[in-house]
Amino acid sequence: MEQKHKARGEPHYYSDRLIKKLSGIRSASTTIVVAPSGCGKTTAVRDFLEAELPQSTPVYWFTATDEQPAACFLRFANSIGRIDGRAGQRLANIGLPNAATIGEACDALRSIECRHEAFLVADNFQYLLAALSPSFFAALMEHGGEGLHVVVVAQMLKRKMLSVVASRGVLQINAGDLRLNADDIGRYYSQAGVRIAQKDAEDIARNTGGWIIAVYLQLRAFRETGTFSDTSGILALMEHLVWDALTEAQQTFLLRLSPFEMITVQQACILGGCETLPEYALNALQNPFIRHEPVERRYELHSILTQLLIHKRAERGGAFERECLLRAGDFCRDGGKISEALGFYAQIKDYERMLSLDFSHLLLENIGAAPFTELALDIAQNCPADIKRRHLLSMLRVAWALLIAWRNESFDALMGELRKMLDAEDGEDSGLLGEWTLLSSFKSFPRLGEMTATLTKAAALFKGKDSRVILPEAPWCFGDYSQFAEFHICKGEADREADELETYVALYSRMTGGHGSGADVLFRAELAYYRGETGEAEILAYKALFLAESKQQSIIQLSAARLLAEIAQIRADTAGWRSAISSMERAASYASQNTFVVRSVLDTVRGLLLAELQVPADMAEWLKKGEFSGKLLLTPMVNNALYVHLLYLLIQGEFAQLIGVAQAVPPEVGRKTVFAEILVSLLLAVGYLAVGERAKSASYLRHAAELAMPDGLVYLFASLAELLGGLADELIVKEYPELYETYLRIKEGFGEGKAKLARDLSPEDLPEALTAREREVALLAARGLRNGEIAQKLNVTDSTVRTHLRTAFQKLDVDRRTKLAEKLKNFEDIPPSIF
């Protein structure tokens with residue numbers, strides 16, 4: 001690659017050190033290019049590939065944008081499909097990976113087959129990485145294609161992603177490699193036909209920070225004025241040299257495009273209000289800061305140019321900016337991009353257009369950079385009453401969004417307003433009134449008797465039709481996976497509550513397309529389990545699992561599977577435990593429920609099971625650290641996550657912190673229901689005993705028993721018996737002798753089962769970092785099978801075997817098969833870790 005490369009008549013200069021770095025792309029399996037906007041990273045990669053590769057070498061260029069992550073991921077999967085159709089289709093079928101499908105997605109990347117030399121460039125990849133886990137990024141860097149070179153171009157990487165890069169030893173090109181020093185600037189200008197003094201070069205380097213875009217703009221300024229700009233602001237330079245050179249018609253045209261980073265010719269015509277692009281518009285697009293993609297027939301605006309256009313758009317005044325964003329919103333609406341349309345309308349507070357959209361599937365999504373809840377609050381508080389009245393169904397959906405987010409005061413206020421509007425309507429729509437009545441039943445949550453009474457009124461108004469507000473994919477119970485924790489609110493009344501929940505779910509589920517299916521059965525399963533009736537609990541858990549799965553009720557399905565895993569733990573049933581985990585994975589895989597709620601609940605349930613086995617290493621970091629505020633969790637989810645965090649502190653021996661956090665739990669959380677108060681009291685009993693406060697421990701234990709024993713909830717005490725140092729035994733024998741036999745049976749089974757299951761699932765000497773398939777390949781290789789024999793045995797390609805072996809060698813820190821055999825020889829009969 002030469003130091004000078006022509007593009008649109010302008011020289012692109014690259015320093016010797018950058019050329020040396022870029023030359024490594026040809027031999028590197030993966031290259032990571034990370035630098036801020038304006039450093040010229042994309043142009044450098046593109047110029048290198050165009051200059052250095054034979055024309056026959058395929059280059060697949062994927063550019064991520066600030067769009068819905070699921071849509072962006074699908075485009076990425078299609079790009080992979082152009083290289084390896086099978087791997088691309090696997091990724092497309094998986095969709096945006098969640099906690100349950102991330103392993104399969106990583107396996108798909110590592111299975112990519114590419115025998116010829118090819119390049120995949122993932123540009124602006126920070127947009128997609130924000131929605132992906134570090135393990136996916138690692139798998140992309142470890143892709144299986146022998147001839148494939150992956151080049152990731154991003155403006156920034158989060159700390160965890162940077163750690164992944166550092167641990168993989170891939171080729172890295174950063175801002176320091178891309179910046180120009182004074183000597184570089186002197187040579188660059190000389191090649192462009194402009195000779196400058198060394199002092200001028202040093203001044204330019206200092207003022208521009210060596211950013212190529214700023215250096216280029218200074219070059220433009222010198223050509224036009226004969227002097228260098230005394231400002232270091234890139235936007236100011238671009239305004240003077242690029243913006244001011246445009247005609248007013250060209251400026252207006254580009255401002256109409258400014259809401260988008262990428263545009264097609266058809267899109268530009270619609271936004272510009274013309275059937276075909278006039279010559280002035282085509283000339284405006286011939287800009288060094290607008291890249292044309294002839295294959296995909298689209299234009300990409302440089303991010304710094306976009307910043308300038310947004311600034312200039314605002315200068316034109318509110319009316320013009322409104323018109324631009326309105327056109328952008330209408331374009332997205334007409335193209336079926338409801339989320340994007342909603343985001344544009346929200347910026348200009350066009351409530352009429354917002355409420356005309358069907359946003360019922362977006363209540364848990366981000367609209368732009370903010371959660372839908374914030375938009376719902378704005379609509380509820382600021383939308384004019386006459387517009388609300390014209391869109392009552394949409395307003396009921398807004399109310400539901402507020403309820404999901406536990407914005408109870410705002411929900412109550414809006415519901416009062418909507419009821420007056422419904423009452424004032426001539427020819428009252430009984431369906432809308434039914435929706436209002438259905439929503440109003442949640443004012444009594446979780447008092448099931450009162451809720452059911454209100455539901456009966458709603459059912460008469462629905463006349464057999466399904467709700468258009470509460471849809472089956474909504475998170476049941478606002479993300480709370482434990483029905484017992486949510487609905488057991490009176491001590492000694494668990495059986496009556498089970499009957500009430502059964503009546504409630506039968507009525508509610510019929511009105512909502514199956515929402516909540518299996519919740520009542522799961523409550524009875526949990527009740528049986530906490531009473532030590534594991535046989536009955538298992539049957540009911542399977543029933544709940546079936547009912548939930550038939551209606552894709554992820555939250556209930558996850559909890560039923562969790563209960564089956566806990567039963568398997570007591571029985572030391574490794575196969576049963578694994579089967580339960582598979583059910584959890586299915587629960588999180590439904591496309592309609594692949595939301596932050598389900599992913600976070602899966603993290604929490606998984607963390608709970610790991611904590612019970614006392615193997616916390618693989619728990620989600622946010623659960624370990626108790627970082628709940630930044631995750632937009634629904635309120636019941638925070639309660640569950642807090643309990644898992646307390647368990648983590650317990651098994652880490654952080655007893656003082658455990659006590660402090662537990663005591664800081666507000667009453668509306670720690671005493672929200674009887675069951676919640678029992679759990680917090682038991683953990684405080686354990687904590688105080690550990691710090692030598694035996695009397696306080698006994699007091700909390702006794703309080704928990706007073707709440708639990710009227711319903712026979714002896715399991716909780718037996719599971720913590722080892723940590724309660726005989727206090728639980730003494731209490732049960734003395735005050736609840738009729739439960740002692742059950743208590744003793746659970747206590748003995750829990751300890752033995754937990755120990756055996758922990759050994760089977762994560763033996764200390766087994767390298768847990770291997771995936772199931774990597775370990776399978778490694779074991780066969782350790783037994784002496786050749787790659788071809790392994791491939792035939794596992795029904796995969798030789799390339800896939802080589803990929804898995806290479807990864808296994810890296811993870812186990814070995815360099816030959818003989819060492820691999822030595823590393824694995826003691827573990828051939830132990831199943832791999834499910835996690």
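Structure first, text after, so check above.
In this text, all values refer to a predicted model and were calculated from it rather than measured experimentally. In this convention, every chain numbers its residues from 1, walking through the sequence in written order. Since the coordinates come from a predicted model, pLDDT governs what is reported: local features require at least 70, and pairs of side-chain atoms require 80 or more to be given and counted, while whole-chain, interface and lining totals use all residues. In computing side-chain properties, one takes all heavy atoms of the structure into account and sets aside hydrogens as well as water.

(A) Fine view of the overall build of the protein. In terms of helices and strands, the protein carries 46 helices and twelve strands. Relative to its length of 835 residues, the protein is compact, with a C-alpha radius of gyration of 31 Å against a globular reference of 28 Å. If you line up the protein on its principal axes, its C-alpha atoms span 95 × 85 × 50 Å. Throughout, exposure labels follow a simple rule: accessible area from a 1.4 Å probe, protein chains only, divided by the maximum for the residue type, with under 20% read as buried, over 50% as exposed, and the rest as partly exposed. The buried share of the protein, taken over its 835 residues, is 56%. Across the protein, the fraction of contacts at a sequence separation of at least 24, relative to all contacts at a separation of at least 6, is 71%. Each helix is a run of DSSP H or I of at least 4 residues and each strand a run of E of at least 2, with the numbering of both proceeding from the N terminus. Throughout, the radius of gyration refers to the C-alpha atoms, and the reference size of a globule is 2.2 Å times the residue count to the power 0.38. Residues count as neighbours in contact if any of their non-hydrogen atoms are within 4.5 Å of one another.

(B) Just the sheet that holds strand β10 (residues 298–301), in detail. Only strands joined by at least two bridges in the DSSP assignment are considered to pair. If you walk across this open sheet you meet the three strands as β8-β10-β9, and the pairing is antiparallel. Edge positions in the sheet fall to β8 (262–264) and β9 (290–293), since each of these pairs with one other strand and no more. Recorded for the sheet is a direction-independent mean angle of 25 degrees between the axes of neighbouring strands. Pairing analysis gives three bridges linking β8 to β10, with the strands arranged antiparallel. Axis lines are fitted through C-alpha atoms, for helices just across the contact stretch, and the angle between N-to-C directions can take any value from 0 to 180 degrees.

(C) Expanded view of the nonpolar core. Definition of nonpolar core: a set of buried residues of the types Ala, Val, Leu, Ile, Met, Phe, Trp, Tyr and Cys, connected through side-chain atoms within 4.5 Å. Membership of the largest hydrophobic core comes to 222 residues, with the highest contact counts inside it found for Leu-217, Val-398, Trp-400, Phe-442, Tyr-504 and Phe-717. With twelve residues, the top contributor of residues to this core is helix α38 (residues 674–690). Apart from residues lying up to four places away in sequence, Tyr-504 is in contact with Phe-442, Leu-448, Met-451, Thr-452, Leu-455 and Trp-476. Counting 44 residues, the second-largest nonpolar core is a separate cluster that includes Ala-77, Ala-108, Ala-122 and Phe-136.

(D) Local environment of the pairing of strand β5 (residues 118–123). A large share of β5 lies buried, amounting to six of its six residues. Burial of the side chains of β5 extends over both faces: Ala-118, Leu-120 and Ala-122 are buried on one face and Phe-119, Val-121 and Asp-123 on the other. Both strand β4 (residues 59–63) and β5 contribute to a ladder of five bridges, which runs parallel. What sits directly across from Tyr-60, in β5, is Leu-120. Pairing analysis gives five bridges linking β5 to strand β6 (residues 148–154), with the strands arranged parallel. Each residue of the ladder has a partner; that of Ala-122, found in β6, is Val-152.

(E) The arrangement of the sheet that holds strand β7 (residues 171–174) in detail. One open sheet holds the five strands; their spatial order is β4-β5-β6-β3-β7, and the pairing between them is parallel. The open sheet has two free edges, formed respectively by β4 and β7, since each of these has just one partner strand. Along the sheet, successive strands turn relative to each other by an average axial angle of 15 degrees, direction set aside. On top of the sheet, helix α3 (residues 69–83) reaches β4, β5 and β6; it is set at about 175 degrees to β4, its chief contact.

(F) Layout of the packing of helix α29 (residues 519–530) against helix α31 (residues 554–570). For the pair α29 and α31, interaxial distance at closest approach is 10 Å and the crossing angle is 20 degrees. In terms of orientation, α29 and α31 fall into the roughly parallel class. Here α29 and α31 pass one another in a crossing that is left-handed. Packed against α29, whose contacting residues are Ala-519, Leu-522, Ala-525, Glu-526, Tyr-529 and Tyr-530, the element α31 presents Ile-556, Ser-559, Ala-560, Arg-562, Leu-563, Glu-566, Ile-567 and Ile-570 at the interface. Following the grouping adopted for this structure description, the nonpolar residues are Ala, Val, Leu, Ile, Met, Phe, Trp, Tyr, Cys and Pro, the charged ones are Asp, Glu, Lys and Arg, and the polar ones are all others, Gly among them. Tallied by class, residues from the contact of α29 with α31 come to ten nonpolar, one polar and three charged. Orientation labels follow simple angle bins: below 35 degrees gives roughly parallel, above 145 gives roughly antiparallel, 65 to 115 gives roughly perpendicular, and whatever is left gives oblique. Here a crossing is taken to be left-handed if its near helix is turned anticlockwise relative to the far helix by less than a right angle, and right-handed if that turn runs clockwise.

(G) Structural detail: the packing of aromatic side chains. Stacked, tilted and edge-to-face are the three classes applied to pairs of Phe, Tyr and Trp rings, where Trp contributes its six-membered ring and a pair requires centres within 6.5 Å; stacked means planes under 30 degrees apart, edge-to-face means over 60, and tilted covers the rest. In total, this model carries 31 aromatic pairs according to the counting rule given. Members of the aromatic cluster, joined through ring pairs, are Trp-400, Trp-406, Phe-442, Phe-445, Trp-476, Phe-478, Phe-487, Tyr-504 and Tyr-508. Sitting above the plane of the Trp-61 ring, Arg-46 keeps its charged end 4.0 Å from the centroid. Note on geometry: a ring has a charge over it if NZ (lysine) or CZ (arginine) is within 6 Å of the ring centre and within 35 degrees of the ring normal. Geometry around Phe-320 places Arg-316 over its ring, the cationic atom sitting 5.0 Å from the centre.

(H) Local environment of the packing of helix α4 (residues 85–94) against helix α5 (residues 102–110). One can describe the packing of α4 onto α5 by two numbers: an axis separation of 9 Å at closest approach and a directional angle of 165 degrees. Of the possible angle classes, the one that applies to α4 and α5 is roughly antiparallel. Judged by the sense of rotation from one axis to the other, the crossing of α4 with α5 is left-handed. Between α4 and α5, the contacting residues are Ala-87, Arg-90, Leu-91 and Ile-94 on the first element and Glu-104, Ala-105, Asp-107, Ala-108 and Leu-109 on the second. In terms of residue class, the contact of α4 with α5 is built from six nonpolar, no polar and three charged.

(I) The arrangement of the side chain of Arg-256 in detail. Topologically, Arg-256 is positioned in helix α14 (residues 248–257). Among the residues examined, Arg-256 registers a relative accessible area of 12% and is labelled buried. Other than its neighbours up to four places away in sequence, Arg-256 contacts Leu-271, Gly-272, Phe-320, Glu-323, Cys-324 and Arg-327.

(J) Structural context of unusual backbone geometry. Geometrically, the link from Phe-445 to Pro-446 is a cis peptide bond, its omega value of 5 degrees lying close to zero. When you line up the elements, Pro-446 lands in the loop between α25 (430–440) and α26 (448–462). Positive phi is not limited to glycine here, since Lys-349 has a value of about 55 degrees. Residue position: Lys-349 is located in the loop between α19 (338–347) and α20 (351–356). For Lys-349, a relative accessible area of 43% puts it in the partly exposed group. Positive phi values are uncommon outside glycine, yet Gln-552 reaches one of about 55 degrees. Tracing the backbone through its elements, the reader meets Gln-552 in the loop between α30 (534–550) and α31.

(K) Examining the pattern of salt bridges more closely. Basic side-chain nitrogens of Lys or Arg form a salt bridge, by our definition, when they fall within 4 Å of a carboxyl oxygen of Asp or Glu. In total, this model carries 40 salt bridges according to the counting rule given. One salt bridge connects Asp-203 with Lys-199, and the closest N-O pair in it is separated by 3.1 Å. Pair noted here: Asp-203 and Lys-199 are both in helix α11 (residues 198–208), with a separation of four residues, about one helical turn. The shortest N-O distance in the salt bridge between Asp-495 and Arg-531 comes to 2.9 Å.

(L) Region of interest: helix α23 (residues 392–404). Here, expected helix span is obtained from the residue count minus one, scaled by 1.5 Å. Over its 13 residues, α23 runs 18 Å from end to end, which matches the ideal 18 Å to within 8%, given 1.5 Å per residue. Among the 13 residues that make up α23, 13 are buried, leaving the element largely enclosed by the rest of the structure. Following α23 by one or two positions, Trp-406 has its phi on the positive side, about 60 degrees.

(M) Helix α13 (residues 234–243), seen in detail. Here α13 has its buried residues at Ile-234, Leu-237, Met-238, Leu-241, Val-242 and Trp-243. Along α13, the residues classed as buried sweep out an arc of 165 degrees about the axis, all on the same side. Buried residues in α13 make contact with α12 (212–225), α14 and α17 (303–315). Directions pointing from the helix axis toward each C-beta atom define the arc.

(N) Geometry of the side chain of Arg-397. Counting through the fold element by element, Arg-397 comes out in helix α23. Assessed through its relative accessible area of 9%, Arg-397 is described here as buried. Any N or O atom pair separated by 3.5 Å or less is treated as a polar contact, with the protein-specific requirement of one donor-capable and one acceptor-capable atom, and with residues adjacent in sequence counted only for side-chain atom pairs. Within the local environment of Arg-397, its side chain forms a polar contact with the side chain of Asp-358, the two groups lying 3.2 Å apart.

Any functional reading would require information beyond the geometric quantities listed.
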